[in-house]
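Coordinates in review
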There are 2 protein chains.
Amino acid sequence: MAESATRRVSEAPRTAVGRDGVLDIAARLFREQGYGTVSLRKIAEAAGIKAGSIYYHFGSKDEIVVAVLDVGIQVVHDNMQQAVSALPKDTGAETILRAAIGAHLRALLDLSDYTSANVRIFGQVPQSVRDANLPTRRAYEAEWDTLLSRLQERGALKPDVDIRRLRLMLIGALNATLDWFDPDRGSAEALSRTYADVFLNGILERQDS
Amino acid sequence: MAESATRRVSEAPRTAVGRDGVLDIAARLFREQGYGTVSLRKIAEAAGIKAGSIYYHFGSKDEIVVAVLDVGIQVVHDNMQQAVSALPKDTGAETILRAAIGAHLRALLDLSDYTSANVRIFGQVPQSVRDANLPTRRAYEAEWDTLLSRLQERGALKPDVDIRRLRLMLIGALNATLDWFDPDRGSAEALSRTYADVFLNGILERQDS
DNA sequence: CCGAGCGCCTAACAACTGTTAGTTAGGCGA
DNA sequence: TCGCCTAACTAACAGTTGTTAGGCGCTCGG
């Protein structure tokens, strides 16, 4: 009894956690621990409520996961779209690509638990959940395809590269950073530059003979 | 009883499944479904035995997973090492890198359920299992670092790229193909060429003015 | 000041998890 | 033929999972 009294006073603010609170916690836990090992009871405990209470806000665990996945894509999509459209009309291809790459990487590594959770758990989640997230995902992919196609038509990109494949390679490579990126070892900003350097110009020392 | 008799005759060869049989099945299931959703009972059923029987060959589920992870790295390590060392001594940097990239991708996409399982589930597995797999992993990483360093010292690679980071980028990008590669849409061989093209020379159309 | 309802809690369920103990059928060497 | 070893099997355990039903307190509009 002393416990519950203490808990009331010391740690629990009287404000409700709410749907968004649960979602934030879930996104963070999914990002940190993956899908399978994060149970509703873990989410509830981290949110300071009990497992059953989650069902006041969500109809099922899958509903939570789908929500997290969708928000994750929306954040990175908005971020990338806005970064590119903020550039002057006559911006060169290289600058545009650097902006898009930077925006994606920033959302993934700095900005959003939702985006990193999406990348982390998408491959672990039941088929039905993946399907529910697909439309949102496709929209972001289309954004990239449009961007890359425009640059290729302009003659800025090599003409023989398949756009779909290029997009898969690029986003795949960027997303893979989530497995090893350590903010203590270097900023996302610097990493973004390195990725752009490599993808734009390659790693071979050019023998301009 | 009819059941068990039928089963005996029709599907179960009288030869024992054995430790290797269980391991093969486990690798395939882990590759296909991830770590969390594959239970010992699923592995047992796919192998045609009962869950408890697995404990004759392995001391725990983690022991199975560690074995799968280790074999996965060893396969890709051997494959890459052999592909590179098979080349003549005076082979150019570009050819060497293409061979290494091709070997890694082939092990991942064509050759081995163990290697693909490793890439797929490493991030989902308990910390202790990851730790057990680390030595094997580090040896493969060192192999790449040695290769890349030698090429850089030779002057074949741009001198300002950090080797560790380059290796992380490269392997990360290659491993990411596992999420979307579809053998019906193109061979691993062709994909390997595209990856080498992009990493070696970049995607920008060169204006050699 | 009172009722409505929002946001949470308690308790339990059935299913599933990894794991253990004890048992058994069959083949091989002595 | 005897006895051992291999590779299974059966049955149960304790814990965890997602999920449901019903109840309780606090806040706010009338």
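Shown above is the structure to which this text applies.
Here goes a summary of the coordinates provided. For every chain, the first residue of the written sequence is number 1, and numbering continues from 1 onward in sequence order. Chain letters start at A and ligand numbers start at 1, both assigned in the order the entries are written. Two thresholds apply to this predicted model, a pLDDT of at least 70 for residue-level local features and 80 or more for giving and counting side-chain atom pairs, whereas whole-chain, interface and lining totals are computed over all residues. Side-chain measures were taken over the full set of non-hydrogen atoms in the model, leaving aside hydrogen atoms and water.

1. Here's the deal with the overall build of chain A
Counting its secondary structure elements, chain A contains 10 helices and zero strands. Put simply, DSSP H or I for four residues or longer makes a helix, DSSP E for two residues or longer makes a strand, and each gets a number counted from the N terminus. For chain A, the α and β elements follow one another from N to C terminus as α-α-α-α-α-α-α-α-α-α. Counting across all 209 residues of chain A, residues that qualify as buried make up 49%. The contact definition used throughout considers only heavy atoms, calling two residues in contact when any of these lie within 4.5 Å. Counting contacts in chain A only where the partners sit at least 6 residues apart, residues at least 24 apart contribute 68% of the total. Using the Shrake-Rupley algorithm and a 1.4 Å probe, accessible areas are obtained, with residue cover drawn only from the displayed protein chains. In the structure as shown, chain A presents an accessible area of about 10,900 Å², 49% of it carried by carbon and sulfur atoms. When charges are counted, neither His nor the chain ends are considered; positive counts come from Lys and Arg and negative counts from Asp and Glu. For charged residues, the charge sits on one atom: NZ in Lys, CZ in Arg, CG in Asp, CD in Glu. In chain A, the 26 positive side-chain charges and the 28 negative ones have mean positions that sit 4 Å from each other. Burial classes: relative accessible area under 20% of the type maximum marks a residue as buried, over 50% as exposed, and values in between as partly exposed (1.4 Å probe, protein chains only).

2. Brief notes about the protein's contact with DNA strand D
Whether a residue is near a molecule or strand is decided by its heavy atoms; if any one of them lies within 4 Å of it, the residue is near. The local shell around DNA strand D holds 16 residues, among which A:Tyr55, A:Lys61, B:Val17, B:Lys50 and B:Ser53 are the closest. When atoms of DNA strand D within 4 Å of the protein are sorted by moiety, sugar and phosphate together comprise 62%. N or O atoms within 3.5 Å of each other form a polar contact, as long as, within protein, one can give a hydrogen and the other can take it, and as long as residues adjacent in sequence are counted only when both atoms are side-chain atoms. Within the side chain of A:Arg41, one N or O atom sits 2.9 Å away from a base nitrogen of DNA strand D. In the environment of DNA strand D, a phosphate oxygen lies 2.7 Å from a nitrogen or oxygen atom belonging to the backbone of A:Lys61. Listing elements by their share of the surface near DNA strand D, those giving two or more residues are helix H3 (40-47) of chain A together with helix H4 (54-57) of chain B. When grouped by side-chain class, the residues that make up the surface near DNA strand D number six nonpolar, six polar and four charged. Nonpolar residues are Ala, Val, Leu, Ile, Met, Phe, Trp, Tyr, Cys and Pro. Charged residues are Asp, Glu, Lys and Arg, and all others, Gly as well, are polar.

3. Notes on the relation of the copies chain B and chain A
All copies are superposed by least squares; the fitting set is the C-alpha atoms of residues with a pLDDT of at least 70 in both. Under the fitted operation, chain B is carried onto chain A by 0.0 Å of movement along the axis and a turn of 180°, and the coordinates agree to an RMSD of 0.1 Å. The relationship between the two copies is best expressed as a two-fold rotation axis.

4. What about the protein's contact with DNA strand C?
Taken together, 17 residues surround DNA strand C, and among them A:Val17, A:Lys50, A:His57, B:Tyr55 and B:Lys61 come closest. Of everything in DNA strand C that lies within 4 Å of the protein, sugar and phosphate atoms constitute 59%. Here a phosphate oxygen of DNA strand C sits 2.7 Å away from a polar atom, N or O, in the side chain of A:His57. Going through the elements one at a time, helix H4 (54-57) of chain A together with helix H3 (40-47) of chain B are the ones with two or more residues in the surface near DNA strand C.

5. Remarks on the packing of helix H2 (residues 18-33) of chain B against helix H5 (residues 61-85) of chain B
Residue and element names in this part refer to chain B. Comment: axis = line fitted to C-alpha atoms, over the contacting stretch for helices; angle = value between 0 and 180 degrees taken between N-to-C directions. Packing of H2 against H5 brings their axes to within 10 Å, and their N-to-C directions diverge by 80°. Accordingly, the angle class assigned to the pair H2 and H5 is roughly perpendicular. Residues Arg 19, Leu 23, Ala 26, Ala 27 and Phe 30 of H2 pack against Lys 61, Ile 64, Val 65, Ala 67 and Val 68 of H5. For the contact of H2 with H5, the class distribution of residues is eight nonpolar, no polar and two charged. Comment on the angle field: the value is read as roughly parallel under 35 degrees, roughly antiparallel over 145, roughly perpendicular from 65 to 115, and oblique elsewhere.

6. Comments concerning the environment of A:Asp179
Considering the arrangement of structural elements, one finds A:Asp179 in the loop between helix H9 (163-176) and helix H10 (188-201). Taking the C-alpha atoms as reference, A:Asp179 lies 8.5 Å from A:Arg120; in sequence the two are 59 residues apart.

7. Some thoughts on the environment of A:Leu148
Residues and elements named next belong to chain A. Tracing the sequence through the fold places Leu 148 in helix H8 (residues 127-153). A relative accessible area of 0% places Leu 148 in the buried class. Considering only alpha carbons, one finds Leu 148 and Thr 115, 33 residues apart in sequence, at a separation of 22 Å.

8. So, the interface of chain B and chain A
By a widely used convention, the size of an interface equals the accessible area lost when the partners come together. Contact residues are listed per partner, giving 33 residues for chain B and 33 residues for chain A. Buried area is a sum: the accessible area each of two parts loses on coming together, probed at 1.4 Å, counted once for each and added. Together, the buried faces of chain B and chain A total about 3,700 Å²; carbon and sulfur atoms form 61% of this surface. Definition used for salt bridges: Asp or Glu carboxyl oxygen within 4 Å of a side-chain nitrogen of Lys or Arg. Linking chain B with chain A are zero salt bridges, by the criterion used here. Across the contact surface, chain B and chain A share 14 residue pairs in polar contact (both at pLDDT 80 or more). Mapped by element, the contributors of at least two residues to the side of chain B that touches chain A are helix H6 (93-111), helix H9 (163-176) and helix H10 (188-201) of chain B. When its residues are assigned to classes, the side of chain B that touches chain A shows 18 nonpolar, seven polar and eight charged.

9. Quick notes on the pattern of salt bridges
All names here are of chain A. One pass over the full model with this rule turns up 16 salt bridges over all chains. Across the pair Arg 98 and Glu 94 runs a salt bridge whose closest N-O atoms are separated by 3.2 Å. With Arg 98 and Glu 94 both in helix H6 (residues 93-111) and four residues apart, this pair spans about one turn of that helix. Assessed through its relative accessible area of 25%, Arg 98 is described here as partly exposed. A network of salt bridges, in which partner residues are shared, links Arg 28, Arg 31, Glu 32 and Asp 113.

10. Quick word on the side chain of B:Ser116
Tracing the backbone through its elements, the reader meets B:Ser116 in helix H7 (residues 113-121). Residues within four places of B:Ser116 in sequence aside, it is in contact with B:Arg31, B:Leu108 and B:Leu178.

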